[in-house]
Amino acid sequence: MTKSNIPFVGLHAHSVAGSPFDALGYPPEHMDYAYKNGADALALTDHGNMNGLSYQVLRAKKMHAEGKEFKPIFGVEAYFVPSIKEWKEEYEAVKEDKKKARKVISDTDKVSAEDEGASKRKSKNKINSRRHIVLVAINQTGLNNIFKIVSDSHQGDNFYRKPRLDYKLLKEYGDGIIASSACLGGVYAKDYWNNREDGPESVLEAMRATTRRMIDCLGDRWYGELQWNNVPEQHELNKYVIQMHEEFGIELISTADSHYPSAEAWKDRELYKRLGWLGKSKAPEYLKSELPVDVDEMGMELYPKNGDQMWESYKKYSEECGASYDDALIYDSLVKTHWIANERIEDFMPDDTVRLPGFVIPDGETGEQTLIK
């Protein structure tokens, strides 16, 4: 088992169980690797669903039976729009323009794979625009609320191509939930991509508005998320997120945003992503190129890292991109994840008590007739 000098827990991770054609490996593989790599906990935050939760629970129970102290953290990387109501109004307006509607609303490919590139650029189309937000449960109340958010996000106007939530739903069911700003496709990233051409102050004003609304929904359970790769825009975004920390006092975390269960699996995941787009007419440009020769060509490492590996990634990629940071601030963003996982998030397993519905059978009906109704 690897020892890490810097305590760290991954609070943003994906598996094939809930992020098909975007992540590789089932939750037990990620958990086993994280444990061997020196971690005592790991979150699972698949895209828009919690399909990996049962895998987490069963593997955690088996690990505990084997004497391995490891904490599963339950969560989701949800799709976010500021207001479903305003989106609906925009949608109806677009539908009235038939030519525009064919271009904007048509969904001929019915793509289920995650298009990373689509979320990492300016939102030219308000109808299709959505951003990422990471939600993890502090306790059973928070888990129940995430269940509710995920369920509601798949219903009615909340679902358009992807399941979505907005500020209204987050405020209503935010109790017991920790949230973070996610990746270059996240909620802060939207403010960055949409306003960068107008200069830093425009980006900051948009991010300030987002920060105020997130604090209104979640209070001190809203975290700014930093990530480490060799994408220059990532470091620009990091600096803006740090500015929100300085202005509003929101805490910062660093995440690996892991997508495959071991350091060696990066190429398998890249190939798997391409399989998800076979036969699709709208395959992203970055997936049409040849497979990278090595992980350095990738410019990122998306496996369940330990604290030392996170620090190495921070140093390596910030130097490659010519970005400088306050080492103490970044160190704190790493160890903060361990504190959140072990001090703020309760040690619990999902309540699996069987609850059967009860109802009164009216006179003149059989139980079967009433149940069907």
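Criteria and cut-off values
Residues numbered from 1 in each chain as written. Predicted model: local features only at pLDDT ≥ 70, side-chain atom pairs only at ≥ 80, totals over all residues. Heavy atoms only, no water. Helix = DSSP H or I, 4+ residues; strand = E, 2+ residues; numbered from the N terminus. Rg over C-alpha atoms; globule rule 2.2 N^0.38 Å. Buried < 20%, exposed > 50% of the residue type's maximum accessible area, 1.4 Å probe, protein only. Contact = heavy atoms within 4.5 Å. Pairing = 2+ DSSP bridges. Right-handed = clockwise from strand over helix to strand, strands pointing away. Core = buried A, V, L, I, M, F, W, Y, C linked by side-chain atoms within 4.5 Å. Expected span 1.5 Å × (residues − 1). Polar contact = N/O pair within 3.5 Å; in protein donor to acceptor, adjacent residues only side chain to side chain. Patch = residues over 30% accessible without salt bridge, like charges linked within 9 Å, V, L, I, M, F, W, Y side chains within 5 Å. Areas by Shrake-Rupley, 256 points an atom, 1.4 Å probe, with all protein chains shown as cover. Salt bridge = Lys/Arg side-chain N within 4 Å of Asp/Glu carboxyl O.

Caption draft 1: Examining the overall build of the protein chain more closely. The number of helices and strands found in the protein chain is 15 helices and eight strands. Relative to the globule expectation of 21 Å for 373 residues, the C-alpha radius of gyration of the protein chain, 21 Å, shows essentially globular dimensions. In terms of principal-axis extent, the alpha carbons of the protein chain reach across some 75 × 60 × 45 Å. A total of 373 residues make up the protein chain; the buried ones form 54% of that total. When contacts within the protein chain are restricted to residue pairs at least 6 apart in sequence, those whose partners lie at least 24 apart make up 80%.

Caption draft 2: Structural context of the pairing of strand β8 (residues 251-255). Across the five residues that make up β8, a large majority, four, are buried. One ladder, built from five bridges, connects strand β7 (residues 222-227) with β8; its direction is parallel. When the sheet's bridge partners are listed, Y223 is paired in β8 with E251. In this view, the connection linking β7 to its parallel neighbour β8 by way of helix α10 (residues 232-248) has right-handed handedness.

Caption draft 3: Region of the structure containing the nonpolar core. One finds I133, L135 and W222 to be the most contacted residues of the largest nonpolar core, which totals 55 residues. Ranked by residues supplied to this core, first place goes to helix α9 (residues 200-218) with six residues. Here I133 is in contact with V76, E77, A78, F80, L165, L170, A179, S180, A182, V187, M214 and W222, once residues within four sequence places are set aside. Counting residues in each nonpolar core, the second largest holds 15 residues, with I73, I178, I253 and I345 among its members.

Caption draft 4: Expanded view of the environment of L218. With respect to the helices and strands, L218 occurs in helix α9. Linking L218 and R161, residues 57 residues apart in sequence, is a C-alpha distance of 27 Å. Discounting residues that sit within four places of it in the chain, L218 has contacts with L170, G174, I177 and A179.

Caption draft 5: Geometry of helix α13 (residues 307-320). Taking 1.5 Å as the rise per residue, α13 with 14 residues should run 20 Å; its terminal C-alpha atoms sit 20 Å apart, in good agreement. Residues G307, D308, Q309, M310, S313, Y314, Y317 and S318 constitute the buried set of α13. Buried positions along α13 lie against α10, β8 and α14 (327-344). The N-capping residue of α13, defined by a side-chain oxygen 3.1 Å from the backbone nitrogen of D308, is N306. With its phi angle positive at about 65°, G322 sits one or two positions after the end of α13.

Caption draft 6: View of a nonpolar patch on the surface. On the surface, L271, L275 and L278 cluster together into a nonpolar patch covering about 300 Å² of accessible area. One can find L271 in helix α11 (residues 266-275).

Caption draft 7: Molecular detail of the pattern of salt bridges. Within this structure, the stated rule accounts for 23 salt bridges. A salt bridge links E92 to K88; the nearest nitrogen and oxygen atoms lie 3.1 Å apart. On the criterion of helical spacing, the pair formed by E92 and K88 is a turn pair, its members being four residues apart in helix α3 (residues 84-96). Among the residues examined, E92 registers a relative accessible area of 30% and is labelled partly exposed. Among the salt bridges present, the one from E270 reaches R269, with a minimum N-O distance of 3.4 Å. Overall, R269 belongs to the buried group, its relative accessible area being 1%.

Caption draft 8: Representation of the pairing of strand β6 (residues 177-180) in the model. Alternating residues of β6 divide into I177 and A179 and I178 and S180, and every residue in both groups is buried. The pairing of β6 with β7 spans two bridges and is classified as parallel. Of the residues in β7, the one forming a bridge with S180 is Y223.

Caption draft 9: Local environment of helix α2 (residues 53-65). Helix length check: α2 (13 residues) gives 18 Å between terminal C-alpha atoms against 18 Å at 1.5 Å per residue, within 8%. Every buried residue of α2 is accounted for by L53, Q56, V57, R59, A60 and M63. Next to the buried residues of α2 lie α1 (27-36), β1 (41-44), β2 (71-80) and α6 (140-153). One or two positions beyond α2, positive phi appears at G67, with a value near 80°.

Just distances and angles here, no functional claims.
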